[in-house]
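Okay, here's what each chain looks like letter by letter:
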Amino acid sequence: MRQPIKYYQVGSFAVGNRLLDPDERAVQADPSRSNTLTSGHRACQGCGEALGARYVLDAAMRAAEGRLIAANATGCLEVFTTPYPESAWTLPWVHSLFGNAPAVATGVAAALKVKGRTDVRVIGQGGDGGTVDIGLGCLSGMFERGDDVLFVCYDNEAYMNTGVQRSGATPPAARTATTQAVGPEPGNVFGQGKSAPLIAMAHEIPYVATATIADLRDLEAKVERAMGLHGPRYLHVLVTCPLGWGCDASASIRIARLATQSGLFPVFEAEDGDVTDVTKIRRPVPVEDYLRPQKRFAHLFSPVRRDDVIAQVQSRADRNIQRFGLVD
Amino acid sequence: MFQVRIHGRGGQGVVTAAELLSVAAFLDGRHAQAFPSFGSERTGAPVVAFCRIDERPIRLREPILAPDALIVQDPTLLHHVDVFAGLVPGGYVVLNSSRAVADPRVVTVPATDLAREHLGRPLPNAALLGAFAALCGLITFDSVAAAIRERFPARLAEANVGAATAAFALVEEPAHA
Amino acid sequence: MRRQLEGSRAVAETVARCRPEVIAAYPISPQTHIVEALSQLTKTGELEPCEFINVESEFAAMSVAIGASATGARAYTATASQGLLFMVEALYNASGLGLPIVMTVANRAIGAPINIWNDHSDSMSQRDSGWIQLYAETNQEAADLHVQAFRLAEELSLPVMVCMDGFILTHAVEEVELPTREQVDAYLPPFVPRQVLDPDEPMTIGAMVGPEAFTEVKYLMHAKQMRALEAIPRIASEFEHEFGRSSGGLLRTYRTEDADTVVLALGSVLGTIEDVVDELREQGERIGVVGLKCFRPYPLDEVRAALGHARRVVVIEKAFAVGVGGIVGQNVRLALSGLPAAVYGVIAGLGGRPITKASLHRVLREGIDDRLGHLTFLDLDLDRVPAGAT
């Protein structure tokens with residue numbers, strides 16, 4: 001996905017750049033946007049998920065010409081948007097359970113299809129816990145059947161809503177409530193990891209993409225691209241959780257950018273199982289630049305500096321860079 | 001109420017036989033109930049199915065413990081399973097065998113041979129039902145044939161009816177005393 | 001049209017005539033023939049428009065039904081035993097959200113130990129889930145109850161499970177009068193959802209309700225289910241008017257008018273019980289039967305009225321509450337509280353153990369002679385398992 005203009009010089013504030021051609025402006029810059037996730041919700045200050053969801057939903061609503069139904073998994077997004085009797089959603093929205101959002105989305109899509117309402121689109125969404133762990137079976141089923149659903153995972157790398165417990169998406173060495181920074185091997189284990197985007201690609205679905213809240217225009221463009229297709233589509237969005245990651249609320253976007261620039265979070269697109277485009281890292285940074293500002297990695301630096309662990313994390317970043325061709 | 005118990009091995013069409021028998025009875029204007037003794041069926045494992053026939057609606061749902069008649073689709077079962085258990089005095093058995101049996105309750109029918117001849121496969125159930133129709137006053141051969149035709153696609157149905165017809169003839173006019 | 005048909009097939013063909021729009025299917029013995037037949041009917045075009053979705057688990061099956069029903073489609077699925085348990089979270093979700101999903105439960109025992117044969121432990125384990133529970137006595141009633149179930153579910157905006165004994169009914173071939181599509185159309189109007197996901201009128205379904213309102217929401221759910229006590233007899237009566245036969249309702253009585261002893265049970269065992277009761281009547285015993293058709297909501301007043309004059313009630317049930325005893329028996333005692341009738345609980349037919357006339361004669365004779373205890377396991381024979389296996 002080639003963005004016509006790069007915003008590195010001015011950061012993501014330029015997303016709303018009024019000097020831009022109207023056609024190139026972000027959806028969020030448009031006063032007539034849907035405000036699908038509207039104000040008054042209860043998210044934490046600096047919540048990456050709220051930011052990401054707002055961009056995703058408005059872009060999807062625009063692409064669907066306002067005819068969109070959302071199925072949401074249990075998690076932060078669901079909890080902070082629907083405290084009865086209030087709701088922050090201005091589109092038809094259903095929350096069922098933790099592990100079944102993809103299946104509920106399948107059901108919604110089936111109902112629309114049988115009723116001949118081909119103009120209405122379906123989006124399923126959830127956090128990393130609901131998508132890569134408890135919801136993986138349903139996600140895989142939806143992919144395999146070819147159901148016409150765009151599923152978006154907002155990945156903040158732990159079960160944040162319940163108090164920051166480890167999920168299958170938690171990165172190695174990260175401190176969580178269930179992978180404490182104590183003992184000879186502090187923080188999360190160095191497993192093989194569970195890459196939901198790669199799993200999605202293995203299903204050879206029409207479109208898979210990763211994105212972050214650091215490049216919001218890119219995120220919108222990918223949503224638009226996905227909405228231009230039919231069948232199962234998967235979008236994996238890295239969203240910073242200042243509370244769970246232990247960083248400043250104002251640093252959400254900056255931390256997400258460091259994740260991409262270090263190579264730890266590759267940004268790419270794939271179609272039918274093959275990578276079709278990657279976002280190159282213009283200026284790679286060592287992983288330490290990414291790890292240091294987050295308290296969830298503080299144990300790697302103090303009381304004793306753990307060069308061995310940092311090196312392991314670096315080698316994972318290097319592998320991503322090599323595997324996806326992130327650096328020229 | 002007339003109660004039939006059918007013994008065989010998985011893959012021989014025992015359950016289908018019970019079902020066809022019940023359909024035949026139904027076509028003859030009676031009430032009938034057929035059901036298998038549900039096992040995790042594996043080909044070759046002993047299988048039992050039941051059929052009740054009555055002039056009145058059937059409410060009873062226990063397995064048939066005191067059959068009025070038996071159909072035994074596989075003679076090798078005689079050594080492994082007590083197929084005759086509970087057979088009422090005066091009850092009779094239709095046994096798939098090309099060899100005569102000394103038991104006066106038993107009528108033998110070379111059903112596998114007839115099946116091979118008419119169907120090209122050793123599926124003896126239709127032939128045995130044809131033979132049974134000759135012995136049991138509660139179902140007519142025509143209804144057995146109609147049940148078979150209802151159940152199977154045309155070519156297979158006719159082949160099965162052929163085997164049933166041959167078996168019916170054999171039993172109606174036995175070649176031996 | 002009267003046909004000699006396997007129970008599963010009768011149910012599938014009847015469900016097809018109810019115009020389901022989304023069917024979610026996951027196979028489990030002994031329900032498989034139902035979903036197989038529905039799959040066939042969808043592919044041949046006899047059942048359309050309908051989206052038949054092969055899902056990856058029972059949890060997914062109920063979840064797909066939830067999504068479909070919330071979007072205004074008439075949704076159906078079927079399961080049994082382990083499958084029902086696997087979707088429990090979704091069962092509560094469906095009833096809590098007030099979605100009129102209809103599901104067949106082909107009653108089967110729950111493991112461990114694994115057992116594919118019939119008893120009522122599966123549906124009984126979900127009696128508190130907020131689903132309406134109906135129990136069929138015959139394949140005719142099983143088919144008929146599905147038609148009534150869609151009507152009931154959509155009228156009340158509550159999900160309904162139709163329970164039919166696995167294998168004993170699902171795999172039994174007997175005569176059934178299948179409803180015609182015209183008859184069903186005359187009886188079952190198109191689904192008009194009470195709340196629906198629609199871009200023209202967006203709404204939020206499934207909000208988080210805190211301590212300040214949760215009690216009220218749950219109370220209203222209970223009140224809604226209690227309305228089924230009025231709706232079910234009415235719907236059954238209208239069914240009889242349209243289809244010309246009696247099916248369903250809250251309960252059915254047989255020879256209870258002057259009975260000292262009344263046997264109460266659910267499901268297919270009622271047929272065998274009636275044969276035994278007729279034989280005991282011939283021996284001069286004043287004995288009758290109450291067949292419970294609706295277990296949830298529990299028709300407490302109707303049970304009390306049907307049993308109140310009896311000296312003793314023998315409850316024969318195919319499940320039990322471990323650590324306590326009978327489930328149906330407890331509910332019967334509740335209905336009869338304050339009345340002098342003795343209630344004898346008999347647990348029978350677990351894991352598919354046949355309930356025979358002989359056993360019933362024995363246990364009912366003991367009941368009539370008031371020699372039965374509070375709780376009896378019918379045909380219990382500890383020699384069948386190694387000693388010390390407790």
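Engineer: How should I be thinking about the overall build of chain C in this particular structure?
Structural biologist: In terms of helices and strands, chain C carries 14 helices and 18 strands. A globule of 390 residues ought to have a C-alpha radius of gyration of about 21 Å, and chain C, at 21 Å, matches this closely. On the principal axes, the C-alpha backbone points of chain C span a range of 65 × 55 × 50 Å. For chain C, the residues scored as buried account for 57% of the 390 residues in total.

Engineer: What am I meant to see in the overall build of chain A here?
Structural biologist: Helix and strand counts for chain A stand at 11 helices and eight strands. Structurally, chain A occupies a C-alpha span of about 60 × 45 × 40 Å along its principal axes. A buried classification covers 55% of the 328 residues belonging to chain A.

Engineer: Is there a simple way to explain unusual backbone geometry in this structure?
Structural biologist: Excluding glycine, most residues fall at negative phi; most peptide bonds, likewise, are trans. A cis amide bond, omega 5°, links Tyr84(A) with the succeeding residue Pro85(A). With respect to the helices and strands, the residue Pro85(A) is situated in the loop between α2 (76–81) and β2 (93–95). Between Ser302(A) and Pro303(A) the backbone carries a cis peptide bond, its omega angle lying at 5°. Residue placement: Pro303(A) occurs in the loop between α10 (287–291) and α11 (307–324). A positive phi angle, close to 55°, is found at Glu65(A), a residue other than glycine. For Glu65(A), the position within the fold is in the loop between α1 (48–63) and β1 (68–72). One non-glycine residue with positive phi stands out, namely Phe167(C), at about 65°. The topology assignment puts Phe167(C) in the loop between β7 (160–165) and β8 (173–177).

Engineer: Whenever I open this one, the interface of chain C and chain B confuses me. Can you help?
Structural biologist: A common way to state how big an interface is: give the accessible area lost once the parts meet. Each partner contributes to the interface: chain C provides 19 residues, whereas chain B provides 18 residues. Only β8 and α11 (269–282) of chain C provide two or more residues apiece to the side of chain C that touches chain B. Of the residues that constitute the side of chain C that touches chain B, the class distribution is eight nonpolar, six polar and five charged.

Engineer: What's the story with the arrangement of the chains in this structure? I'm lost.
Structural biologist: The interface with the most contacts, out of two pairs of chains in contact, is the one formed by chains A and C. Between chain A and chain B there is no contact, and the shortest C-alpha to C-alpha separation is 28 Å.

Engineer: Explain the domain arrangement of chain C here, please?
Structural biologist: Residue and element names in this part refer to chain C. Each domain of chain C was delimited in the assignment, giving domain 1 (2–243) and domain 2 (251–384). Computed from C-alpha atoms alone, the centre-to-centre distance between domain 1 and domain 2 is 27 Å. On the domain 2 side, the residues contacting the 27 residues of domain 1 number 21 residues. Of all the secondary structure elements, the ones that give two or more residues to the side of domain 1 that touches domain 2 are α6 (121–125), β6 (132–135), β7, α9 (214–226) and α10 (228–243).

Engineer: It is not clear to me how α11(C) should be interpreted in this structure. Could you clarify?
Structural biologist: Owing to its 3.6 residues per turn, the α-helix aligns residues three or four sequence positions apart on the same side. Residues and elements named next belong to chain C. Taking 1.5 Å as the rise per residue, α11 with 14 residues should run 20 Å; its terminal C-alpha atoms sit 20 Å apart, in good agreement. Considered for burial, the residues of α11 that qualify are Val 269, Leu 270, Thr 272, Ile 273, Val 276, Val 277 and Leu 280. Considered in projection along α11, the buried side chains sweep an arc of 155° and stay on one side of the axis. The inward-facing, buried residues of α11 abut β10 (251–254), β11 (261–265), β12 (287–292), β14 (312–317) and α14 (357–368). One or two steps after α11, the chain reaches Gly 284, where phi turns positive at roughly 95°.

Engineer: Looking at this structure, how should I read the packing of helix α1 (residues 14–27) of chain B against helix α4 (residues 125–135) of chain B?
Structural biologist: Two quantities define a packed helix pair, namely the angle between the helix axes and the distance between the axes. All names here are of chain B. Direction vectors running N to C along α1 and α4 enclose 35°, while the axes themselves pass 9 Å from each other. For the pair α1 and α4, the crossing hand works out as right-handed. Here α1 contributes Val 14, Thr 16, Ala 17, Leu 20 and Leu 21 to the contact with α4, which in turn contributes Asn 125, Leu 128 and Leu 129. In terms of residue class, the contact of α1 with α4 is built from six nonpolar, two polar and no charged.

Engineer: Help me understand the interface of chain A and chain C in this model?
Structural biologist: Counting from both sides, the interface comprises 38 residues of chain A and, opposite them, 36 residues of chain C. For the side of chain A that touches chain C, the secondary-structure elements that each account for two or more residues are β1, β2, α3 (101–114) and α5 (136–145) of chain A. Per-element tally for the side of chain A that touches chain C: the top contributor is α3(A), with 11 residues. Across two bridges, the pairing between β2(A) and strand β9 (residues 204–205) of chain C is parallel. Opposite Trp93(A), over in β9(C), you have Thr204(C) as the bridge partner.

Engineer: Can you walk me through the sheet that holds β7(C) in this structure?
Structural biologist: Paired through their backbone hydrogen bonds, the strands of a sheet run either parallel or antiparallel. Residues and elements named next belong to chain C. Read from one edge of the open sheet, seven strands run β3-β2-β4-β5-β7-β6-β13, paired in mixed fashion. In the strand order of this sheet, the two ends are held by β3 (51–54) and β13 (294–296), each with one partner. Direction aside, the axes of adjacent strands within the sheet are offset by 20° on average. Relative to strand β4 (residues 75–79), strand β2 (residues 22–25) is paired through three bridges, and the arrangement is parallel. Paired with Ile 23 across the strands is Tyr 76, a residue of β4. Against the sheet, helix α2 (residues 32–43) makes contact with β2, β3, β4 and β5 (102–107), and its axis sits at roughly 135° relative to β2, the strand it touches most.

Engineer: I tried to follow the nonpolar core on my own but got confused; where do I start?
Structural biologist: Inside soluble globular proteins, nonpolar side chains tend to come together where they are buried. In this structure, Val108(A), Ala127(B), Ala167(B) and Leu38(C) are the most contacted members of the largest nonpolar core, which totals 296 residues. Per-domain counts for this core show at least three residues from each of domain 1 (2–243) and domain 2 (251–384) of chain C.

Engineer: Help me understand the pairing of strand β4 (residues 150–155) of chain A in this model?
Structural biologist: Residues and elements named next belong to chain A. Counted residue by residue, β4 has six buried out of six residues, so it is predominantly covered. Of the two faces of β4, the one holding Leu 150, Val 152 and Tyr 154 and the one holding Phe 151, Cys 153 and Asp 155 are both buried throughout. Of the pairings in the sheet, the one linking strand β3 (residues 121–127) to β4 comprises five bridges and is parallel in character. When the sheet's bridge partners are listed, Gly 127 is paired in β4 with Tyr 154. Of the pairings in the sheet, the one linking β4 to strand β6 (residues 233–238) comprises six bridges and is parallel in character. The residue bridging Val 152 from the neighbouring strand is Leu 235, located in β6.

Engineer: Looking at this model, I keep getting lost on the sheet that holds strand β17 (residues 342–347) of chain C. Mind explaining?
Structural biologist: Residues and elements named next belong to chain C. The six strands lie next to each other as β10-β12-β11-β14-β17-β18, forming an open sheet whose pairing is mixed. Each edge of the open sheet is held by one strand with a lone partner, namely β10 and β18 (375–377). For this sheet, the mean inter-axis angle between neighbouring strands, taken without regard to orientation, is 20°. Looking at chain direction, β17 and β18 are connected through three bridges and run parallel.

Engineer: Explanation requested: the environment of Glu117(B) in the structure shown.
Structural biologist: Residues and elements named next belong to chain B. Within the secondary structure layout, Glu 117 lies in helix α3 (residues 111–119). Looking at Glu 117, the number of C-beta atoms within 10 Å reads 14, which means it is partly exposed. It is 9.2 Å that separates the C-alpha atoms of Glu 117 and Ala 159, two residues lying 42 residues apart in sequence.

Engineer: I would appreciate a short explanation of the environment of Asp122(C) in the present structure.
Structural biologist: All names here are of chain C. Following the sequence through the fold, Asp 122 ends up in helix α6. What makes Asp 122 buried here is the crowd of 25 C-beta atoms within 10 Å. If we skip the residues at most four places from it in the chain, Asp 122 touches Ala 80, Ser 81, Leu 84, Val 105, Asn 107, Arg 108 and Ile 110.

Engineer: Just to check I follow, could you spell out the packing of α4(B) against helix α5 (residues 141–151) of chain B for this structure?
Structural biologist: All names here are of chain B. Relative to each other, α4 and α5 sit at 155°, their axes nearing to 9 Å. In terms of orientation, α4 and α5 fall into the roughly antiparallel class. When you trace α4 past α5, the crossing you get is right-handed. Here Ala 126, Leu 129, Gly 130 and Ala 133 of α4 lie close against α5, whose contacting residues are Phe 141, Val 144 and Ile 148. For the contact of α4 with α5, the class distribution of residues is six nonpolar, one polar and no charged.

Thresholds, definitions, all that
- Residues numbered from 1 in each chain as written.
- Chains lettered and ligands numbered in written order.
- Predicted model: local features only at pLDDT ≥ 70, side-chain atom pairs only at ≥ 80, totals over all residues.
- Helix = DSSP H or I, 4+ residues; strand = E, 2+ residues; numbered from the N terminus.
- Rg over C-alpha atoms; globule rule 2.2 N^0.38 Å.
- Buried ≥ 20, exposed ≤ 12 C-beta atoms within 10 Å, placed from the backbone.
- Contact = placed C-beta atoms within 7 Å.
- Nonpolar A, V, L, I, M, F, W, Y, C, P; charged D, E, K, R; others polar.
- Domains from an automatic or database assignment.
- Expected span 1.5 Å × (residues − 1).
- Arc of directions from axis to C-beta.
- Axes fitted to C-alpha atoms, helices over the stretch in contact; angles between N-to-C directions.
- Left-handed = near helix turned anticlockwise from the far one by under 90°.
- Pairing = 2+ DSSP bridges.
- Core = buried A, V, L, I, M, F, W, Y, C linked by C-beta atoms within 7 Å.
- Parallel < 35°, antiparallel > 145°, perpendicular 65-115°, else oblique.

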